[in-house]
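What the coordinates show
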Amino acid sequence: SLHVPEIDKGFLFWLTQILKPWPIVHQAHLLLVILGPLHQNSGAVDWVRFCCTGAQGCGKSSLLELACTLSAMHNDPAWSDDDIVSLIDEVTAIPSGWSLENMG
C-alpha cells in the first residue's frame, strides 16, 4: 500500500506563484522539474521514464507526488478544471507521449 503524501498549503501557494505567470507548456515542464522522477544514476530529472513501454522503475510511486499535487491544485480556487486538464495533457506529452502501460 502506498503512503499518500499530504500537500502542504504553503507549498501549493508558492507553486501557484511560480507556475501561474507562465504559459501552460512551461508550467508542465516546471512541474516535472520540481516533482518529476529522478534518474537513478545521475539524479537529474528522468524526462523519458514514462515514454518507453515496459520502462524499469515505472510504478505508482513514481507519479504519486505529482498526482497528489495535481489533485491539490484541482481543489484550489486559483486553478480551474481547464487548467488542470491542460497541465495533465502537457505533462504526459513531455518529452513525447507517455506509454499508457506505464501510467496504470
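Worth saying up front: this structure is predicted, and the values here are computed from it rather than measured.

The next thing to look at is the packing of aromatic side chains. This model, assessed by the stated rule, comprises one aromatic pair. Looking at K20, its charged tip hangs above the ring of W79, at a distance of 4.3 Å from the centre.

Once that is clear, we can look at the confidence of the model for the protein. Do not read the predicted coordinates in detail wherever pLDDT is low. Chain-level pLDDT for the protein is 81 on average; 74% of the residues reach the 70-or-more range. For the protein, helix α3 (residues 60-74) is the element with the lowest average pLDDT, namely 83, and helix α1 (residues 9-19) is the one with the highest, namely 96.

Glancing now at helix α4 (residues 81-91). For α4, the complete set of buried residues consists of I84, L87 and V91. The buried residues of α4 occupy an angular sector of 60° when projected down its axis, which confines them to one face. Away from the buried face of α4 by more than 90 degrees, exposed residues D81, D82, V85 and D89 are located.

Okay, the nonpolar core next. If you look at the biggest cluster of nonpolar residues, it comprises 20 residues, and the most contacted ones within it are L31, L66, M73 and L87. Mapped onto this core, the elements with two or more residues apiece are α1, α2 (24-35), α3 and α4. Contacts of M73, omitting those with residues within four sequence positions, involve L12, L15, L19, W79, I84 and L87.

Definitions and cut-offs
Counting restarts for each chain, with residues numbered from 1 along the sequence as it is written. Under the rules for a predicted model, residues below a pLDDT of 70 receive no local features and side-chain atom pairs below 80 are neither given nor counted, while totals for whole chains, interfaces and linings still include all residues. In computing side-chain properties, one takes all heavy atoms of the structure into account and sets aside hydrogens as well as water. Two rings belonging to Phe, Tyr or Trp (six-membered ring only in the last case) form a pair when the distance between their centres is within 6.5 Å. Interplanar angles under 30 degrees mark stacking, angles over 60 mark edge-to-face geometry, and anything in between is tilted. Charges are assigned to positions over rings by a cutoff of 6 Å between ring centre and Lys NZ or Arg CZ, combined with an angular limit of 35 degrees from the ring normal. Scored from 0 to 100, pLDDT records how confident the predictor is in each individual residue. Helix and strand assignments come from DSSP, with helices taken as H or I runs of at least 4 residues and strands as E runs of at least 2, each series counted from the N terminus. Burial status follows relative accessibility: with a 1.4 Å probe on protein chains alone, a residue under 20% of its type maximum counts as buried, one over 50% as exposed, and anything between as partly exposed. Directions from the helix axis toward the C-beta atoms define the arc. What makes a nonpolar core is a set of buried Ala, Val, Leu, Ile, Met, Phe, Trp, Tyr and Cys residues whose side-chain atoms join them at distances within 4.5 Å. By definition in these notes, contact holds between two residues if any of their heavy atoms fall within 4.5 Å.

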